[in-house]
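Here is how the chains run, residue by residue.
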Amino acid sequence: MSGIRDTAYPQMKSAPSAKELADVYTPNFVELVWAEKRTRESAPRVGLLALLKTFQRLGYFVSLPEIPRPILEHVAQCAGYGSIPEDLFRYGASSARRRHMLLIRDYAGVKAWGDEAQQAMERASQDAARTLEDLPDIINVALEQLVRQRFELPAFSALHRAAQHARAVANREYQSLVCDRLDAAARERLTIMLTRVEDETKSPWHRLKGEPKQPTTQNNREFLDHLAWLKEQAIGAGIFREIPDVKLKQFAAEARSLDVTSMNDLTETKRLTLAATLVFAQMGRALDDVGDMYVRLVQRLHNQARTALLEYQAEHVERTDSLVATLHGVTLAYWTEGSVEQRLSAIGELIEPDSDRILEQCEAHQATAGRNYLPFLTRFYSHQRAALYSFLESVELLSTSPDKSMTDAIAYLIAHRKSRQDRLPIREEGAGEEAAPSLDLSFVGEPWWPFVVPDTKAQGEPTHISRRWFELCAITEVMRELKSGDLCIPGSDRYSDFREQFVSEEECLQNLASYGERSGVPTEPKAFVAALQGKLEEAARKADQAFPENEYLRIEKGEAILKRLRRSPDPAGLRSFERLLKDRMIPVGILDVLADTEEWLNWTRHFGPISGHDSKLANPAERYLVTTFCYGFDFGPTQTSRSIRGLDRRQVAFVDQRHVTEDKLNEAINDGHQRVQPVLLAEDLGVGQTCFGRRNQMGSSRPEPHVRISSAVRRLWRDRLLSGFRHVYRAFLPVHYLRLMGGAQHFGLSRRE
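Residues numbered from 1 in each chain as written. Predicted model: local features only at pLDDT ≥ 70, side-chain atom pairs only at ≥ 80, totals over all residues. Heavy atoms only, no water.

A. Here's a closer look at helix H23 (residues 505-519). In a regular helix each residue adds 1.5 Å, so 15 residues correspond to 21 Å; H23 covers 19 Å between its end C-alpha atoms and thus fits that length. When the local axis directions of H23 are compared, the greatest deviation, roughly 45°, occurs at Asn511. Of all 15 residues in H23, one are buried, a share of ten percent or less. Gly520 sits one or two positions beyond H23 and adopts a positive phi of about 75°. (Helix = DSSP H or I, 4+ residues; strand = E, 2+ residues; numbered from the N terminus. Expected span 1.5 Å × (residues − 1). Bend = angle between axes of the 7 residues up to and from the residue. Buried < 20%, exposed > 50% of the residue type's maximum accessible area, 1.4 Å probe, protein only.)

Written out as structure tokens, the structure reads:
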């Protein structure tokens, strides 16, 4: 759940550093004179200065007991007193403190909290909640507006309640908007989907949430059938017009976590909106999967051709050696003494007996020269042709540029799919001689041209193309343009039209000045160029100044060459120290590791109800730790409940389904990585390399894009979250261990952890 530490709400440190005391809590001369004129005794003067400096730092007043003692001591010393006045805390309960609060607001130019500030906070929260979903983000926007308008900040609970209310109102408005846009047919389809049939054990809603297995060439038909079923349930993208993507993702995530019974318990407006959003999201995910599968099929085809080329070259090494020997003999014959006729005769005697064979071998070698593996594609294409054509016929592909040659080529492929002719005409049937070609071959690259156009040597424009080679070339270019964004799949997420992410020119001009003010970047063209040139010149100047002393950088032939850093030698006694350290460490269970890292980092704060409401779990941190242990080692809820007393399998499954998403897991992982990076002892003092569990898979790789929702979350549980906390534990533990080396027992990680 979001807390005060996730927001920009200002707080005081319990143990501020000396630099922070000097920079933040030191009264200047004007403030000292101002306080001296308004107070007579030491306690009110120190109290007034302490309230002033903390108010300047926080934006709200705190009671004197809440101010850390180092700050009070520092302020008292700056006011000319050796220690904190004895009656300072009596001042905190007096009427003088309330009068001084008025003076401080007037001095700082800040308006007291009231109805005007309340309205400003609510307006800012409502505006932010229309485009944001996370409560910390909404709270930060409200804080920014209050500071901008010079209002005193309220308690954090007031900001939290305002953000919650604003988000709930915005979500209800969007849900009503989507529900009103649904026609009768869409409402009926969604209602049938949420209805359980008596004779069947699973409802269509379960089919919608449960997706096919990992997309491969073997289950290509299953994925295309799933895509066709989703198209029957499809909800038009226009229904979600003007609704931010973050809201759609939240609605879809909430719908995915609910079963049929829970969905039917919701109000009709929310139920239909969540169902429609999940259908739309699953449609986009299915298109992503099919697109990924097509890309992998084509890449696999080319990889097989590359491998075949290497095998072919290895098998014909003798032929290459023979051609080189023939060339060597021709060269020697050319350099023999005699006339031109005599040398030519010598060359003819050398190659004339096998001239046809030599020419054939040269042409065969030239066809695969320069690592040209294209001739080997036809060997593997026939097995994949049906799957590749199924993708082209099932998925709509659009060009993101004015160039339509690729989409025209796709239409041409589909139109001639059943043709068995080796050569196809470029012009439309019945077109005159003066008609333009019906097929634009501008996308055909130079390596492909000799294969696609057989009559390359003919005069004029080509009239026919090789059907099989044109298919291979077009299918390859479709794959490349999908990856580059030149082709898009409407409704997809990963292969969507990138132009939809652009900001309109009107919106850009409207927000340009505000963006420049917040980021500190000049928005005028000349000023922007000048500022960028200044930064580049400063960077170049620093590089020039540091170059003479940089022993790893040198300039050769106008290019900078950076040498590899030399590894510093291990300090004396490092091995014996590591051995002693490992001997004194006591093995600890993985649950203890999770509990320790939670105490240090509080990473479970990233988990919470997907609906956005407050958690109703009695001990949420403990439940999150157990769920992490369960899915991190792939035990499953049933086996975990058998191992932990007083735990039911449904409790574990409930947390996984209702409180954890892939995005929440990534936030917890990234937070752990960011917190552990400053600890430099992690790599030097780490000792173990493995983690003992049911599955020894503690890698740090991200889940593949094609992994399904359930398996993706489990992969994150296992591969990244637990691995990250293992490194966190190794990073923080030696610091505490070295501090208490004298005899306190510390838990560490053994080789079998």
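B. Up close: the pattern of salt bridges. Counting across every chain of the model gives 27 salt bridges. Of the charged contacts in the structure, one is a salt bridge between Glu393 and Arg417, with a shortest N-O distance of 2.7 Å. Of this pair, Glu393 sits in helix H19 (residues 378-394) while Arg417 sits in the loop between helix H20 (405-415) and strand E2 (423-425), and the two are 24 residues apart along the sequence. A relative accessible area of 21% places Arg417 in the partly exposed class. Across the salt bridge formed by Glu471 and Arg467, the nearest N and O atoms sit 3.5 Å from each other. Of this pair, Glu471 and Arg467 both sit in helix H22 (residues 467-484), four residues apart, which is roughly one turn of that helix. Glu471 gets classed as buried once you look at its relative accessible area, which sits at 1%. (Salt bridge = Lys/Arg side-chain N within 4 Å of Asp/Glu carboxyl O.)

C. Just the nonpolar core, in detail. Ranked by size, the top nonpolar core spans 85 residues in total, and within it Trp205, Tyr294 and Phe470 carry the most contacts. The element best represented in this core is helix H15 (residues 268-315), accounting for 19 residues. Tyr294 has contacts with Leu388, Phe391, Leu392, Ile475, Val478, Met479 and Leu482, leaving out every residue within four places of it along the chain. Residues Tyr60, Ile104, Leu135 and Leu143 belong to the second largest nonpolar core, which totals 49 residues. (Core = buried A, V, L, I, M, F, W, Y, C linked by side-chain atoms within 4.5 Å. Contact = heavy atoms within 4.5 Å.)

D. Here's a closer look at a negative patch on the surface. Residues Asp134, Asp137, Asp663 and Glu667 make up a contiguous surface patch of negative charge. Within the secondary structure, Glu667 sits in helix H30 (residues 662-676). Note on Glu667: relative accessible area 37%, which makes it partly exposed. (Patch = residues over 30% accessible without salt bridge, like charges linked within 9 Å, V, L, I, M, F, W, Y side chains within 5 Å. Areas by Shrake-Rupley, 256 points an atom, 1.4 Å probe, with all protein chains shown as cover. Lys, Arg positive; Asp, Glu negative; His and termini not counted. Charge placed at Lys NZ, Arg CZ, Asp CG, Glu CD.)

E. Fine view of the side chain of Ser262. Secondary-structure assignment places Ser262 in helix H14 (residues 260-264). Only 2.8 Å separates the side chain of Ser262 from the side chain of Asp259, close enough to count as a polar contact. One polar contact links Ser262 to Arg658, side chain to side chain, over a distance of 3.1 Å. (Polar contact = N/O pair within 3.5 Å; in protein donor to acceptor, adjacent residues only side chain to side chain.)

F. Layout of H19. The first and last C-alpha atoms of H19 sit 24 Å apart over 17 residues, in line with the 24 Å expected at 1.5 Å per residue. Its axis deflected by about 60° at Gln384, H19 carries its strongest bend there. Within H19, the full set of buried residues consists of Phe380, Tyr381, Gln384, Arg385, Ala387, Leu388, Tyr389, Ser390, Phe391 and Leu392.

G. Structural view of the environment of Pro244. Within the secondary structure, Pro244 is located in the loop between helix H12 (220-232) and helix H13 (245-256). In this structure Pro244 comes out as buried when scored by relative accessible area, which is 17%. Each residue touching Pro244, except ones within four places of it in the same chain, is listed here: Arg130, Thr131 and Tyr174.

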